[in-house]
Amino acid sequence: MALNSRKLFIAALLLAGIGAFFALDLGRFLSLAFLKDSQSSFQAVFDQKPVWVTLVFFAVYVAVTGLSLPGAVIMTLAAGAGFGLVLGTVVVSFASTLGATMAMLAARYLLRDSIQARFGKRLDDINKGIAKEGAFYLFSLRLIPVVPFFALNLLMGLTRIRTWTYFWVSQLGMLAGTVVYVNAGTQIAKIDSLQSIASPALIGSFVLLGVLPLAVNKVLQFLKRRKVYARWASVRPASFDRNLIVIGAGAGGLVSAYIAAVVKAKVTLVEAHKMGGDCLNYGCVPSKALIRSAKLAHQMQHGASYGLSDSTPVFSFKAVMQRIAAVIRAVEPHDSIERYTGLGVEVLQGHARIVNPWTVEITLNEGGTQTLTTRSIVIAAGARPLVPPLPGLEEAGYVTSDTLWEAFAQLDEVPRRLVILGGGPIGCELAQALARLGSQVTQVEMAPRLMLREDVEVSELARQALAADGVSVLTGHKALRCETSGGVKTLVVEHGGSEQRLEFDQLICAVGRVARLEGYGLEELGIPVQRTVETNDYLQTIYPNIYAAGDVAGPYQLTHVAAHQAWYAAVNALFGEFRLFKADYSVIPWTTFIDPEVARVGLNEQEAREKNISFEVTRYGMDDLDRAIADGEARGFVKVLTVPGKDTILGVTIVGTHAGDLLAEYVLAMRHGLGLNKILSTIHTYPTLAEANKFAAGEWKRAHQPKRLLEWVRRYHDWKRG
């Protein structure tokens, strides 16, 4: 409250200063006619007290520019007329920069927090651009007189540009214009109007000068690229075998190769292991097949909920795993060598290593090597499960989300005692599914709750859902070591300062995934890597012809994001000399396929608070939805975050059956700027789960009724009844 009062006080002072300027008609002193008439008297006072006059003039100039008042041009001319070219330029240069900086800081203090809170997500890209190249853009705009300086001061105050950077760049950027106007002031008697100073030719020259820093920046980028390629100049091919080589045949690689083939480029796709990558063979496809079998077993056990009899499912776990393998085989043709060869893609099975920016050496699985030159490369090598460095883990044995399918396919029965390390989406999905099939599952998560990226209430619902299916969820527990004694395997965990021992038959590591970065020649080429391959906004590495997409590039480890990135990587790689496209992550959906599903797009409450973005929450409970009641799935909710007072969607979280499918309507709305009013006005089939989206929009509308108008409408109806 004190902070708001302080802001109001400062705003009141600024408004009072501006109001006084206009109320007292002080603008009459900042006219060309007044300047000419008072030149001789000004000169006389200056000759008597030069320091005092200079300081007063400096202070007035700072006040005029700091309050964004009209008259800075006249004062600049006055500086030339009264102080001469050299002193006038020094006084105006520092006074104008100081005033501009004060105006910028005032806008930042009074407005930035509220603007950031309301439009924070939209301003992210602007802030990133300012952080990266803000000095160049500010310098360019300062050189162009047609850009109002006061508007630039206020707008830059809303960004995160550093104050010192703003000061010195403004000082340099305004210097040329300052010299021109101060010099004109030395010839004040010859000036009839301000237009005679700022001729079209002069303005045009400044515009060209303003473009110069951007051009210089482009030249510097070009020179930087040349420097990167310099050590490889002697091996650059005169011609190329391929337009594009794609390393990795997961989602990112398959889409990249597909796009290249569609536009008739000559493309080679290299895969060392299985076509389809992690999603087809170890992730999305097998896990969803497992979840479906587990859900059916769960429904059989709870048949009474549907008017039937509860029954214990009788099944062979090996048969369940065989069904999963059959599902993979059924999907395989979509990602097969035959399909992509038919599309025009050359598919090579082997390990690729980048020898230089244009050459890839492939060690073929069938023996031998093949070396190809290419104009561009897309690295889509994917990621692998992270295995924590727990003492005794190797001796006790473990499986990961990649290896469990083959390992469990050998089992006749579901593992009796199962420990799962990790409380993220993968760990939660496997924990619930295997518990429903009969395993005694203990899930260990070091963080204080499951699915840490979601809101607290979502994490709690996930915990309750898993616990209801028999999963022992241990959050806040840190795995210390594994022990093996007499054939008994034990995981030792720590919680609250004391150790706890968990015996297990199988242990699944599901603590995350790390990008595959080794063995592709990245180190030899000097391509920076940390947790992922470092790329710019266009998915380029330090070599503009080498791109990365998918899990190996980050920031999301999602199949559909890999495919999304692949479009940008492939199009930029093939047509980047004409135009480069920035990868767009503004609307990214994802789903955790536990029961009930958890689906989200955009911001949730905890992210909005972390980013200091203002929001309203609209909530609709699935227990009110007719179809959910009929299906026995009346649990969960739709939660929509909107801009305060508007129907603009900031983010949506859905918990419930088929939440991932329901989310698609909101993804479409956010991608194309449609608000809740549009969803409310869309006809949804009755009875369907999709009606939940419309009812959520209806809840928002009800909370934003025009109450005063409706009161007058009520009076109208009362009058009509007599």
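Summary of the structure given here. From a predicted model like this one, the values you see are computed outputs, not experimental measurements.

Here is what the cut-offs are and how they apply
Residues numbered from 1 in each chain as written. Predicted model: local features only at pLDDT ≥ 70, side-chain atom pairs only at ≥ 80, totals over all residues. Heavy atoms only, no water. Salt bridge = Lys/Arg side-chain N within 4 Å of Asp/Glu carboxyl O. Helix = DSSP H or I, 4+ residues; strand = E, 2+ residues; numbered from the N terminus. Buried < 20%, exposed > 50% of the residue type's maximum accessible area, 1.4 Å probe, protein only. Pairing = 2+ DSSP bridges. Contact = heavy atoms within 4.5 Å. Axes fitted to C-alpha atoms, helices over the stretch in contact; angles between N-to-C directions. Disulfide = S-S within 2.5 Å. Right-handed = clockwise from strand over helix to strand, strands pointing away.

**Here we look at the pattern of salt bridges**
Inference 1: A complete count under the given rule lists 32 salt bridges for this structure.
Inference 2: Across the salt bridge formed by aspartate 278 and arginine 513, the nearest N and O atoms sit 2.8 Å from each other. Placement of the pair is aspartate 278 in helix α11 (residues 277–281) and arginine 513 in strand β15 (residues 513–515), with a sequence separation of 235 residues.
Inference 3: For aspartate 278, a relative accessible area of 17% gives the class buried.
Inference 4: A salt bridge links aspartate 584 to arginine 671; the shortest N-O distance between them is 3.7 Å. Linking aspartate 584 in the loop between α20 (559–575) and β17 (589–592) with arginine 671 in helix α23 (residues 659–671), this pair joins segments that are 87 residues apart in sequence.

**With respect to the sheet that holds strand β8 (residues 417–421)**
Inference 1: In space, the 5 strands of this open sheet follow the order β7-β14-β8-β9-β10, with parallel pairing throughout. Two strands in the sheet have a free side with no partner beyond their single neighbour: β7 (399–400) and β10 (472–475).
Inference 2: Where β7 and strand β14 (residues 506–509) come together, 2 bridges link them in parallel fashion. Among the inter-strand pairings, valine 399 is bridged to a residue of β14, identified as isoleucine 508.
Inference 3: Where helix α17 (residues 425–436) meets the sheet, it contacts β8, β9 (440–445) and β14, and its direction lies at approximately 165° from that of β9.

**Topic: the state of the cysteines**
Inference 1: For the coordinates displayed, the defined rule picks out 0 disulfides.
Inference 2: Cysteine cysteine 509 is unpaired, with the sulfur of cysteine 482 as its nearest cysteine sulfur at 7.7 Å.

**Some remarks on the pairing of strand β2 (residues 267–271)**
Inference 1: Summarising burial for β2: 5 of the 5 residues are buried, a large majority.
Inference 2: Alternating positions in β2 separate into two faces, Val267, Leu269 and Glu271 on one and Thr268 and Val270 on the other, with burial throughout.
Inference 3: Read as a crossover between parallel neighbours, the route from strand β1 (residues 242–247) over helix α10 (residues 251–262) to β2 is right-handed.
Inference 4: Judged from the 4 bridges that link them, β2 and strand β3 (residues 346–356) form a sheet pairing that is parallel. Bridging from a neighbouring strand, threonine 268 pairs with glutamate 346 of β3.

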